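Coordinates in review
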Amino acid sequence: MKKFNKAYLEITNRCNLSCSFCPKTKRELRNMSLAEFKIAVDEISKVTKYIYFHVLGEPTLHPDLPAFVEYANSLGMKITITTNGTLVEKLSDIIENHNIYKVNFSLQAVGSNDSINLASYMEKVLEFSKTATEKGTLVVLRLWNNGSKINRNQEIVEVLKTNFGEFEYKDSGSVTLIPKLYLERADEFLWQCSDEVENLYCYGLKDQFGVLVDGTVIPCCIDSEGEIPLGNIFKNNLLTILESEKSEMVTCGFQKKKAVESRCKRCGFARRFKV
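Our subject in this report is the structure included herewith. (Residues numbered from 1 in each chain as written. Predicted model: local features only at pLDDT ≥ 70, side-chain atom pairs only at ≥ 80, totals over all residues. Heavy atoms only, no water.)

1. So, the nonpolar core
Of all hydrophobic cores here, the largest spans 83 residues; its most connected members are Leu 9, Phe 37, Ile 44, Phe 53, Leu 141, Leu 160 and Phe 209. By residue number, the principal contributor to this core is helix 4 (residues 118-134), which donates seven residues. Beyond its immediate chain neighbours, meaning those up to four positions away, Leu 141 contacts Phe 105, Leu 107, Val 125, Leu 126, Ser 129, Leu 160, Leu 177, Leu 181, Tyr 182, Leu 183 and Glu 184. (Core = buried A, V, L, I, M, F, W, Y, C linked by side-chain atoms within 4.5 Å. Buried < 20%, exposed > 50% of the residue type's maximum accessible area, 1.4 Å probe, protein only. Helix = DSSP H or I, 4+ residues; strand = E, 2+ residues; numbered from the N terminus. Contact = heavy atoms within 4.5 Å.)

2. Section: the packing of helix 1 (residues 34-44) against helix 2 (residues 65-74)
In helix packing, the relevant descriptors are the interaxial angle and the interaxial distance, both defined with respect to the helix axes. For the pair helix 1 and helix 2, the least separation of the axes is 10 Å and the interaxial angle reads 30 degrees. The angle between the axes of helix 1 and helix 2 places the two elements in the roughly parallel class. For helix 1 against helix 2, the interelement crossing comes out right-handed. In this structure, helix 1 uses Leu 34, Phe 37, Lys 38, Val 41 and Asp 42 to contact helix 2, whose residues at the interface are Ala 67, Phe 68, Tyr 71 and Ala 72. Residue composition of the contact of helix 1 with helix 2, grouped by class: seven nonpolar, no polar and two charged. (Axes fitted to C-alpha atoms, helices over the stretch in contact; angles between N-to-C directions. Parallel < 35°, antiparallel > 145°, perpendicular 65-115°, else oblique. Left-handed = near helix turned anticlockwise from the far one by under 90°. Nonpolar A, V, L, I, M, F, W, Y, C, P; charged D, E, K, R; others polar.)

3. So, the state of the cysteines
All chains considered together, the criterion is met by zero disulfides. There is no disulfide at Cys 252, and the cysteine sulfur nearest it, in Cys 264, is 13 Å away. For Cys 252, a relative accessible area of 33% puts it in the partly exposed group. (Disulfide = S-S within 2.5 Å.)

What follows is the structure, given as structure tokens:
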């Protein structure tokens, strides 16, 4: 039986921001129902214990997020939530009564949305971060925007230094601000490139896979439009989907450092990995 390091589950593809680095979606906007969520998590729990509420969309917008966390906790799942942080108070309510393994804050969203008041935003994010880490939750503050001209990184770093003292501001990797709280830096990447490159390596279907809000199973979280549909978790057994001929072709291709799907050949993220 295949086992994976993690699975990405898109509980909603709705978002309250419009970030320059986000590819957006042309798919129908919808929320996953609680019944659908239970089907998906029951299946996912057979192949991994690590589940990320992330592909596109802002998970804290989902009205059933507390119930989702409670159900996933009941199965022993380790939950990671990736959020833009604008509705962090909803996470504060959840963490009082439930276990969240990790929270990723996409701080680069601040630079793409002038409507966000930086001071108020950072105050709420850091207040949550301090409480969450005390409860054992890992918190990662992401600035994945090296190379971007649209950013407020310096202002953000000054706020962090005011709260946590001086630290080395690196262009890549992570810095520990306090135990279990990290500032993570990385280059900005293109979700999709115009040209195709065949010689690529990827961890899709090796240590991860994704499930879109309508149940479509995809090789990784970068295939945000479901251009490589492997099956539907609401209709078919997940193991059957992940062991299908199409899935095996993608996996075998990357074992040979070859992209077999057009979407993979156009992936900007996979180009980070040297062949």
